[in-house]
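For reference, the chains in residue letters:
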Amino acid sequence: MNEILTQDRRMRDIIQLAKTVARSKATILIQGDSGTGKELIANLIHENSSRSGRPFVAINCAAIPENLLESELFGYERGAFTGAVTAKSGKFELANGGTLLLDEISEMDFRLQAKLLRVIQEGEVDRIGGRKPSAVDVRIIATTNRSLSHCVQDGSFREDLFYRLNVVNLTIPPLRERVGDVELISAYLVEKYAKKNAKTIQGIAPEALSYLQSHRWPGNVRELENVIERAVITSQDAQLGIKDLFIERPEGDSSQLTQDLADSEKSWIPGRTLDDIERTVIIEALQYHQGNRTHTAKALGISIRTLRNKISDYKGLGIHL
Ligand SMILES: Nc1ncnc2c1ncn2[C@@H]1O[C@H](COP(=O)(O)OP(=O)(O)OP(=O)(O)O)[C@@H](O)[C@H]1O
Ligand SMILES: [Mg+2]
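All figures in this text were calculated on a predicted structure; none of them were measured in a lab.

Take the confidence of the model for the protein chain next. Mean pLDDT over the protein chain: 89, with 91% of residues reaching 70 or higher. Mean pLDDT across the elements of the protein chain bottoms out in helix α11 (residues 256–263) (65) and peaks in strand β5 (residues 99–103) (98).

Okay, here's the thing in structure tokens:
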């Protein structure tokens, strides 16, 4: 399993909580935008549980059509439907004794949600066309990049299932709110891809790092990884510079969860301090004004001196603006 690199306090709290709850059988809901590391956290939970010697089975609820998802999850008996020439175990059975990761749970069809709830509540799974249910012992982890409570509000997700899944909630902050992590993870990735491509690259030039730290990263760590890999491969220099970084700057913001949370004006989520919020606001304002400190200070209603002091404080946190 890949190591989870972070120097962000909220992330550390999430990892700590994940390790603590791993030992229980509690169902866990991991929320976070695409590429923030939800699967890594799910893996961490499995590895830190008493189930680690048993299977970790993942299924993506968004990638599979409804009727296929049902038979993938619950299995079927021979002759259950046209084409069912042999019986097949479902993911629940395959994960028995271990962990079942239900990826992108918000995309699961409403009817299937009811069946899933039943299986979780009864601890028994009934193959399609089966005569009698069999007991399964599975820890469920669900992930979503939408706010599941919003899905409940708009009627696309069952409230009862939501409460079942949301016993423990881990909400992973987007990468742009973890600017310190951009530096840490980038450094690791430069080394990784330099090695892989047999290149000697000594890291990232300071202005290139600031550039990386000012990007919104809609694709989060996955996007960062692509950018660094490409930069390492194409770079001709001893250090990665701005000209090696090809970052697409999309018009809108595709990060659904952050959008959802913003919609409900949740600037505060558990674990977030006022300093964290202030820092995010300052970074966003600087980005908006393309690094122009005079305009940023004016827009925020603070003196340029205050802004300068804050920016220099952030340096101590590894954030170079
Ligand atoms: N903190 C981290 N340290 C190191 N690597 C990370 C970290 N977070 C994410 N990654 C890497 O980024 C990639 C995306 O992570 P992962 O698949 O866990 O994200 P996800 O939230 O499940 O994404 P999606 O919503 O698209 O399924 C993986 O290659 C993972 O190893
Ligand atoms: Mg994933």
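Around ligand 1, the surrounding shell holds 17 residues, and the nearest of these are Leu5, Gly37, Lys38, Glu39 and Val221. Broken down by secondary-structure element, the contributors of at least two residues to the shell around ligand 1 are α2 (38–47) and α10 (220–234). Considering only residue class, the shell around ligand 1 consists of five nonpolar, eight polar and four charged. Both domain 1 (9–171) and domain 2 (175–247) contribute no fewer than three residues apiece to the shell around ligand 1.

In spatial order, the strands read β2-β5-β8-β1-β9; together these five strands make up an open sheet with parallel pairing. The sheet is open, and its two borders are formed by β2 (56–60) and β9 (168–171), each paired with just one other strand. Across the sheet, the mean angle separating the axes of adjacent strands is 20 degrees when strand polarity is ignored. Pairing of strand β1 (residues 28–31) with β9 involves four bridges; the strand directions are parallel. Paired with isoleucine 28 across the bridge in β9 is valine 168.

Attention now goes to helix α9 (residues 206–214). Working note: α-helix, 3.6 residues per turn, so residues spaced by three or four point in the same direction. Within α9, burial applies to Leu209, Leu212 and Gln213. One side of α9 holds all its buried residues, which, seen down the axis, span an arc of 95 degrees. In this structure, the buried residues of α9 make contact with α8 (179–196).

In a packed pair of helices, the relevant descriptors are the angle between the two axes and the axis-to-axis distance. Orientation of helix α1 (residues 9–22) relative to α2, taken along the N-to-C sense of each, is 35 degrees, at an axis distance of 8 Å. Like other packed secondary-structure pairs, α1 and α2 cross with a definite hand, here right-handed. Here α1 contributes Ile14, Ile15, Ala18 and Ala22 to the contact with α2, which in turn contributes Ile41, Leu44 and Ile45. Its residues placed into classes, the contact of α1 with α2 shows seven nonpolar, no polar and no charged.

The next thing to look at is unusual backbone geometry. For glutamate 104, which is not glycine, the phi torsion reads 50 degrees and is therefore positive. With respect to the helices, strands and loops of the structure, glutamate 104 is situated in the loop between β5 and α5 (110–122). Non-glycine residue asparagine 220 carries a positive phi angle of around 50 degrees. Counting through the fold element by element, asparagine 220 comes out in helix α10.

Parameters and conventions
- Residues numbered from 1 in each chain as written.
- Chains lettered and ligands numbered in written order.
- Predicted model: local features only at pLDDT ≥ 70, side-chain atom pairs only at ≥ 80, totals over all residues.
- pLDDT = per-residue confidence, 0-100.
- Helix = DSSP H or I, 4+ residues; strand = E, 2+ residues; numbered from the N terminus.
- Near = placed C-beta within 6 Å.
- Nonpolar A, V, L, I, M, F, W, Y, C, P; charged D, E, K, R; others polar.
- Domains from an automatic or database assignment.
- Pairing = 2+ DSSP bridges.
- Axes fitted to C-alpha atoms, helices over the stretch in contact; angles between N-to-C directions.
- Buried ≥ 20, exposed ≤ 12 C-beta atoms within 10 Å, placed from the backbone.
- Arc of directions from axis to C-beta.
- Contact = placed C-beta atoms within 7 Å.
- Left-handed = near helix turned anticlockwise from the far one by under 90°.

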